[in-house]
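# Coordinate analysis (summary)
Below are the chains, spelled out letter by letter.
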Amino acid sequence: MALKLKIKKRLHYFDMDLFLSCDDGRMLVLIGPSGGGKTTLIRMLAGLSLPDEGRIVFGGETWFDSSRKINVPPQRRRIGYVFQEYTLFPHLNLHDNAAFAAVDKKEVADLLELFGIAHLAGRKPHLVSGGERQRCALCQALARRPRMLLLDEPFSALDVITRRGLREKLKSLKRKFDFPILYVTHDIGEALFLADEILPIVDGRIDRGWMQRTITPEPATGYPARATREPRLALAY
Amino acid sequence: MDYLSLYVTLKLAMATTVILLIIAAPIAYALAYLRFPGKSLFEALIYLPIALPPTVMGFYLILAMGPKGAVGRAWGALTGGSLLFTFLGIAVASVLYSIPFAVQPMKAAFLKIDPRLLENASVLGLSRLAAFVRVVLPNSASGIIAAAILVFLHSIGAFGVLIMVGGSVPGVTKVASIAVYEAVEAMDYRTAGLMSLCFIPISYAFLLLVNRLNGDSKHGA
């Protein structure tokens, strides 16, 4: 198992208590309502946030261990992280952004080509669309030849059509990746489309029934059922 | 017209600007991003020259740089010379006097940078120093230029602290502001007027530039 994590962290509204693992080449989608701790978990994997206790082991290497006081800094974890918000460097054009931490600068042009933004290589981020920026962020993350890819709602700020296109692109590319991918979303359709495995997280804990509860219609008794049968009554309420 | 004092003024302003850009950047970075004990005390100390009368600051610098002061004694032991009444002495005084004008705009510019850019830089493998050079500095250009201009102008206008530490040695420590003062003392209003006139267009043009830079950064250009 490439990634194993067992952590606890006290947050403002709830306590996180999570266990997960992910194999190389697999995409684990973390799903759940906003504010449930998904992004916090991803940030812990990146080394940007610290658990209160627990262990994070990647490929036999301990990244975090509270009992042994081990904490590998983000710089040494060599992961690719695509943030929800746009985090391209505004002073650099798309090519230089993608090449920012590239292992082999020659690969950058190919990556830009692969994501369909080669013709925009000379443009600064504020001169391209949100979708093109996130494509470039993916290039930036992949050019580092990451050992794991973390995608935190990377397409959530994009319009439906762009989002669909990027999802399909990611799904087709996923087969070529030999590292674990963790993808955060609160969109069930996106999760079902992309995931090899789905892990619902609610209030900092795994809640395997969450998806089922969310997509199952309301029970045929009680107020919702009455409202459906009697629309005027529903309006009156 | 005392061209020599104008030359000393410009030399001092340039030296102060260059030295302060190098010194102030890490101080501003520390104040913007780092947590350390006594940070608020340190920050207040950095901004103290704004609040102190220049002559008071000059007085303490005389004590420190004089033959009985710690800095003066160390300098004397190293070089056999004195810091008082030398160009180096007024350069040190000018740097200390202008340090808030370099640190404050730089700190403000650093704080404007989205912290997520720095997180992205660290995930991409950059050390704090590398992120400072490759991300913070290029995205704070307007703040750094504004700091340079403010320091330059403030150094041109310095008077009290310089006359205390450097006196008025022609070609060495006698800057234009001192030359204007001495010309007025000698009732030579023509020289004082001509020299004073030199300051206005230079200072005004540079301040317009600072405003332009601030306006640019506000509009995200």
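Residues numbered from 1 in each chain as written. Chains lettered and ligands numbered in written order. Predicted model: local features only at pLDDT ≥ 70, side-chain atom pairs only at ≥ 80, totals over all residues.

## Details of the overall build of chain B
Inclusion rule: Runs of H or I in DSSP of at least four residues are treated as helices and runs of E of at least two as strands, each being numbered from the N terminus. Using C-beta atoms placed from the backbone, we call a residue buried if 20 or more other C-beta atoms fall within 10 Å of its own, exposed if 12 or fewer do, and partly exposed for counts in between. Placing a C-beta atom from the backbone of each residue, one calls two residues in contact when those atoms lie within 7 Å.
Of regular secondary structure, chain B possesses 11 helices and zero strands. Listed N to C, the secondary structure of chain B is α-α-α-α-α-α-α-α-α-α-α in terms of helices and strands. Taking the principal axes of the C-alpha coordinates as reference, chain B spans close to 65 × 45 × 25 Å. Across the 221 residues of chain B, 39% fall into the buried class. Of all intrachain contacts in chain B linking residues separated by at least 6 positions in sequence, the fraction that spans at least 24 positions is 75%.

## Notes on the sheet that holds strand β4 (residues 53–58) of chain A
Residues and elements named next belong to chain A. Condition: DSSP calls a pair of strands paired once it identifies at least 2 bridges connecting them.
Reading across from one edge, β2-β1-β4-β5-β6 is the order of the five strands in this open sheet, with antiparallel pairing throughout. Two strands in the sheet have a free side with no partner beyond their single neighbour: β2 (15–22) and β6 (70–71). Bridge count between β4 and strand β5 (residues 61–65): four bridges; the pairing is antiparallel. Looking at the pairing, R55 lines up with D65 of β5.

## Some points on helix α1 (residues 3–33) of chain B
So the rule is basically this: To estimate how far a helix should extend, the number of its residues minus one is multiplied by 1.5 Å. In this scheme, the bend at a residue equals the angle between the axes fitted to the seven residues that finish there and the seven that begin there.
When the terminal C-alpha atoms of α1 of chain B are compared, their 44 Å separation across 31 residues agrees well with the 45 Å that a helix rising 1.5 Å per residue should span. Roughly 30° is the biggest bend found in α1 of chain B, and it falls at A24 of chain B, with proline P26 of chain B one to four residues downstream.

## Here's the deal with the environment of M65 of chain B
Take M65 of chain B: it is sitting in helix α3 (residues 54–65). Excluding anything up to four places from it in sequence, M65 of chain B contacts V71, G72, L83, L84, G89 and V165 of chain B.

## So, the interface of chain B and chain A
Selection criterion: Under the scheme applied, nonpolar residues are Ala, Val, Leu, Ile, Met, Phe, Trp, Tyr, Cys and Pro; charged residues are Asp, Glu, Lys and Arg; polar residues are all the others, including Gly.
Every contact between the two is made by 13 residues of chain B and, on the other side, 16 residues of chain A. Ranked by residue count, the leading element in the side of chain B that touches chain A is helix α6 (residues 115–123) of chain B, at six residues. Residues of the side of chain B that touches chain A, tallied by class, amount to six nonpolar, five polar and two charged.

## Let's talk about the confidence of the model for chain B
Interpretation of the predicted coordinates at a detailed level should be avoided for regions scoring low in pLDDT. The criterion, for reference: As a per-residue measure, pLDDT tells how confident the predictor is, with possible values from 0 to 100.
With 97% of its residues at a pLDDT of at least 70, chain B reaches an overall mean of 91. Taken together, the chains of this predicted complex give a pTM of 0.80 and an interface ipTM of 0.85.

## Description of the environment of L88 of chain A
As for its position among the elements, L88 of chain A is in the loop between β7 (80–82) and α2 (94–98). Residue contacts for L88 of chain A: discarding those within four places in its chain leaves N97, P125, R133, C136 and A137 of chain A.

## With respect to the packing of α1 of chain B against helix α5 (residues 87–111) of chain B
Residues and elements named next belong to chain B. Applied cut-off: Orientation is described by lines fitted to C-alpha atoms, with helices fitted over the stretch in contact, and by angles between N-to-C directions that extend from 0 to 180 degrees. Should an angle fall under 35 degrees it is taken as roughly parallel, and over 145 as roughly antiparallel, whereas 65 to 115 is taken as roughly perpendicular and any remaining angle as oblique. Crossing handedness: left-handed means the near helix sits turned counterclockwise from the far one by under a right angle, and right-handed means the same turn made clockwise.
Between α1 and α5, the shortest axis-to-axis distance is 6 Å and the interhelical angle comes to 45°. Here α1 lies oblique to α5, going by the angle between them. As for the relative orientation of α1 and α5, their crossing is right-handed in sense. Here the contact of α1 with α5 is built from residues that sort into 22 nonpolar, three polar and one charged.

## Here we look at the sheet that holds strand β9 (residues 181–185) of chain A
All names here are of chain A. Overall, mixed pairing links the six strands, which are arranged β7-β8-β9-β3-β10-β11 in an open sheet. Only two strands of the sheet have a single partner each, and these edge strands are β7 and β11 (205–206). Pairing analysis gives two bridges linking strand β10 (residues 197–202) to β11, with the strands arranged antiparallel. When the bridges of β11 are listed, V202 appears paired with R205. Helix α4 (residues 130–143) contacts β7 and β8 (149–152) of the sheet and is inclined by roughly 165° relative to β7.

## Section: the pairing of strand β1 (residues 3–10) of chain A
On any regular strand, side chains alternate: one points to one face of the sheet, the next to the other face. All names here are of chain A. Along β1, the buried face is formed by L3, L5, I7 and K9; none of K4, K6, K8 and R10, which line the opposite face, is buried. Where β1 meets β2, eight bridges bridge the pair, whose relative direction is antiparallel. From the neighbouring strand, K8 faces β2, where its bridge partner is D17. In textbook terms, the turn of a hairpin is the stretch between consecutive antiparallel strands, and for β1 and β2 this stretch comprises four residues. Note: β1 against β4, six bridges, orientation antiparallel. Opposite I7, over in β4, you have G54 as the bridge partner.

## Brief notes about the pairing of strand β3 (residues 27–31) of chain A
All names here are of chain A. Buried residues dominate β3, accounting for four of its five residues. Here β3 runs beside β9; their pairing, made up of five bridges, is parallel. For V29, the partnering residue across the bridge sits in β9 and is Y183. With four bridges joining them, β3 and β10 adopt parallel strand pairing. Residue pairing for β10: L30 is matched across the bridge by L199.

## Quick word on unusual backbone geometry
Despite not being glycine, E153 of chain A shows a phi value in the positive range, around 40°. You can see E153 of chain A is positioned in the loop between β8 and α5 (160–174). In this structure E153 of chain A comes out as buried when scored by C-beta crowding, with 21 C-beta atoms within 10 Å. One non-glycine residue, F85 of chain B, lies in positive phi territory at about 60°. Within the element layout of this structure, F85 of chain B appears in the loop between α4 (70–79) and α5. For F85 of chain B, a count of 15 C-beta atoms within 10 Å puts it in the partly exposed group.

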